[in-house]
Amino acid sequence: MNNLAYPLFKIEYSGTLLNRTLNDSVDLSVRGGMNVRVGTGDFTLYNINDLLKSGANAGSQVIKFGDTANIWLGYNGGPQVGSRLLFPGIVQELSHDLIAKEKVIKVNLVNKTERLLSGLDSKDYPSGGTINTAGAIITDMISRINGYRKAGEASITTTNVTTTTKIISYAYNFKTAYDVISDLSSPEYTGQSQFLFYIDTNNDLNWKIRPGLTTTTPNLDETQFIEFKAEKLLMDVVNAIIMNAGNDLNGNAILTYAVNYPSVTELGFKWKYFVRTEIAKRVINMFPSFTNQQVRDEVKNQAKAEANRIVKIMGEPRWRVNAIAKGTTNYPGTTTQAIVSEIVKVTSPSLNWASAGSKFLRITDIQHTFNTAGWRTRYEMKEDDDTKAIIGALV
């Protein structure tokens, strides 16, 4: 059903009963970004009866759970130079349908490392140990959970995990690797600014400081997109929080709160309850000679600072843009590859985002789809505390 002069995508499918390259599937979608734990993808196979009728396995189910499917874009001389492996996946879900007496199968994929990231783990890393920085803890944890993988299952590498120097203590019980990395990405543990992370197409964990503005920051205009939708989100606003920072030496909970009063005046109270029990554990480990009152005071001081940081960041509405362009792995109208986590400068005359009023947004999600309308690329861009602090136009 791919009637283009050349295939813009290729699916390398390797399963127990079917091993071939698929170029006749449509309704293909691949997504990767900061909003999902790992990439996701799906594709639909049409005319599957032709596969079921032929070969030694005629009549057998040709798609199996756990089979692998690598999705390439710009394949075989398409609009890009060469081709790019966009998504290495495994089959997670299958759905079957019958359309005009032809069997149709929709295949849902997840990144090959999904099971490892979602598995539960427990470990205590005291500040006096040999593994006592956020980067070292993440690297050690990944090395350990790689030992849980099944035969033939891909492992996660850590060549792009940034080295940090702040000495910390960190303990967790029955947490997923994803949740542990999320915790350790905060300034409290990195000793720097907020970190971001994602799994790339080589199954390598990228954990790094959020990229900032550069002299090569891409300039995007709403006219470069087929669709351009901007909205200011209130649902993400949190301007008042209660924080549970853990238990003192007597087992009593230590609570504190923080309020962003200017935000409350404008928007009303938007409460949220946060659990940061690792704060008390860290203080108790770092100051073993403290009395119970000293523990409570220090934990409250650290929890209050963290709570104030959160309501400052989350207390204001943020802009979010969803924009769709003609299919490309680059930024629209450029030869620069689009990368999740980068900052872009967005101009929108219809929103009066022009000249010095341009908005600096971060790419949080990129999705490619192939269907009867052709190849489309959707970019999700958001304001965060770094981009909101950028004044004027640097580039």
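Since the structure is predicted, the reported quantities are computational estimates derived from the model, not experimental observations.

Cut-offs applied
Residues numbered from 1 in each chain as written. Predicted model: local features only at pLDDT ≥ 70, side-chain atom pairs only at ≥ 80, totals over all residues. Heavy atoms only, no water. Helix = DSSP H or I, 4+ residues; strand = E, 2+ residues; numbered from the N terminus. Buried < 20%, exposed > 50% of the residue type's maximum accessible area, 1.4 Å probe, protein only. Contact = heavy atoms within 4.5 Å. Areas by Shrake-Rupley, 256 points an atom, 1.4 Å probe, with all protein chains shown as cover. Expected span 1.5 Å × (residues − 1). Arc of directions from axis to C-beta. Core = buried A, V, L, I, M, F, W, Y, C linked by side-chain atoms within 4.5 Å. Pairing = 2+ DSSP bridges. 1 Å grid on protein atoms, 1.4 Å probe; cavity = no way out; pocket = protein on both sides within 12 Å on 5 of 7 lines; lining within 4 Å. Points joined across faces, edges and corners; volume = space filled by probe spheres on them. Nonpolar A, V, L, I, M, F, W, Y, C, P; charged D, E, K, R; others polar. Axes fitted to C-alpha atoms, helices over the stretch in contact; angles between N-to-C directions. Salt bridge = Lys/Arg side-chain N within 4 Å of Asp/Glu carboxyl O. Phe/Tyr/Trp six-rings, centres within 6.5 Å; stacked < 30°, edge-to-face > 60°.

A.B. asks: What's the story with the overall build of the protein in this structure? I'm lost.
C.D. replies: Along the backbone of the protein there are 9 helices and 21 strands. Out of the 395 residues in the protein, the part that is buried amounts to 47%. Of the contacts made within the protein by residues no fewer than 6 positions apart, 67% connect residues no fewer than 24 positions apart. Summing over all exposed atoms, the protein offers an accessible surface of approximately 18700 Å²; the carbon and sulfur share of this is 51%.

A.B. asks: Looking at this structure, I do not really get helix α3 (residues 134–145). What am I missing?
C.D. replies: For the α-helix, the turn length of 3.6 residues means that residues three or four positions removed from each other point alike. The terminal C-alpha atoms of α3, which comprises 12 residues, lie 17 Å apart, in line with the 16 Å expected from a rise of 1.5 Å per residue. Turning to α3, its buried residues are Ala134, Gly135, Ile137, Ile138, Met141, Ile142 and Ile145. Projected down its long axis, α3 carries its buried residues within an arc of 160 degrees, all on one side.

A.B. asks: So what exactly am I meant to see when it comes to the nonpolar core here?
C.D. replies: Judged by nonpolar contacts, the single largest core of 25 residues is most densely connected at Ile138, Met141, Ile142, Ile181, Leu184, Leu205 and Trp207. Those elements that provide at least two residues to this core are α2 (114–118), α3, β10 (170–176), α4 (177–184), β11 (195–199) and β12 (204–209). Broken down by element, this core gets its largest block of residues, 6 residues, from α3. Excluding anything up to four places from it in sequence, Leu184 contacts Ala134, Ile137, Ile138, Ile168, Tyr170, Tyr189, Thr190 and Trp207.

A.B. asks: Help me understand α4 in this model?
C.D. replies: Burial analysis of α4 places 6 of its 8 residues in the buried class, the great majority of the element. Where α4 is concerned, the buried positions are Ala177, Tyr178, Val180, Ile181, Asp183 and Leu184.

A.B. asks: Help me understand the pairing of β11 in this model?
C.D. replies: The buried fraction of β11 is high, at 5 of 5 residues. Joining the antiparallel neighbours β11 and β12 is a turn of 4 residues, in which Asn203 adopts a positive phi near 60 degrees.

A.B. asks: Would you take a moment to explain empty space enclosed by the protein for this structure?
C.D. replies: Here the idea is plain: a probe the size of a water molecule rolls over the atoms and shows the empty space left. Within this structure, the stated rule accounts for 1 cavity of 30 Å³ or more. Space inside the largest cavity adds up to approximately 30 Å³. Taken together, Asp124, Ser169, Tyr170, Ala171, Glu278, Lys281, Arg282 and Asn285 form the lining of the largest cavity. Looking at the lining of the largest cavity, the elements that each hand over two or more residues are β10 and α7 (278–286). Per-element accounting of the lining of the largest cavity gives the leading share, 4 residues, to α7. Looking at the lining of the largest cavity residue by residue, the class counts come to 2 nonpolar, 2 polar and 4 charged.

A.B. asks: So what exactly am I meant to see when it comes to the sheet that holds β11 here?
C.D. replies: The strands that make up a sheet are held in pairs by hydrogen bonds between backbone atoms, and each pair lies either parallel or antiparallel. Spatially, 3 strands are ordered β9-β12-β11 in an open sheet, and the strand pairing comes out mixed. On the outer flanks of this sheet lie β9 (157–161) and β11, each paired with one strand and no other. Across this sheet, the average inter-strand angle for adjacent strands is 20 degrees, counted without regard to direction. Sheet analysis places β11 next to β12, joined by 5 bridges and oriented antiparallel. Residue pairing for β12: Ile199 is matched across the bridge by Leu205.

A.B. asks: Explanation requested: the pattern of salt bridges in the structure shown.
C.D. replies: Oppositely charged side chains can pair when the atoms bearing their charge come close. All chains considered together, the criterion is met by 9 salt bridges. Between Lys175 and Asp183 there is a salt bridge, with the nearest N and O atoms lying 2.5 Å from each other. Salt-bridge contacts for Glu231 lead to Arg320; the nearest nitrogen and oxygen are separated by 2.6 Å. Here the residue Glu231 occupies a position in strand β14 (residues 227–233), and Arg320 occupies one in strand β18 (residues 318–326), the gap between them amounting to 89 residues. Note on Arg320: relative accessible area 19%, which makes it buried. Each of the salt bridges in this network shares a partner with another, and the network as a whole consists of Asp121, Asp140 and Arg144.

A.B. asks: For this particular structure, what's the right way to read the packing of aromatic side chains?
C.D. replies: Aromatic ring pairs are described here by two measures, namely the spacing of the ring centres and the angle between the planes. The full count for this structure, using the stated rule, is 8 aromatic pairs. With a centroid separation of 5.7 Å and 40 degrees between ring planes, the pair formed by Tyr170 and Tyr172 is classed as tilted. One exposure class covers both Tyr170 and Tyr172, and it is buried. Aromatic side chains Phe225 and Phe228 sit 6.1 Å apart centroid to centroid with 40 degrees between the ring planes, which places their arrangement in the tilted category. Exposure remark for Phe225: the relative accessible area of 8% places this residue in the buried category. Here Phe228 falls in the partly exposed class, since its relative accessible area comes to 22%.

A.B. asks: What is the right way to read the sheet that holds strand β17 (residues 271–275) from this model?
C.D. replies: Read from one edge of the open sheet, 3 strands run β16-β15-β17, paired in mixed fashion. Either end of the sheet is taken by a strand with one partner, and the two such strands are β16 (253–259) and β17. Averaged over all neighbouring strand pairs, the angle between strand axes comes to 20 degrees, with direction disregarded. Note that strand β15 (residues 240–247) and β17 share 5 bridges and pair parallel. Within β17, the residue paired with Ile241 across the bridge is Lys272. Across the sheet, helix α8 (residues 292–314) is in contact with β15, β16 and β17; its angle to β16 comes to roughly 35 degrees.

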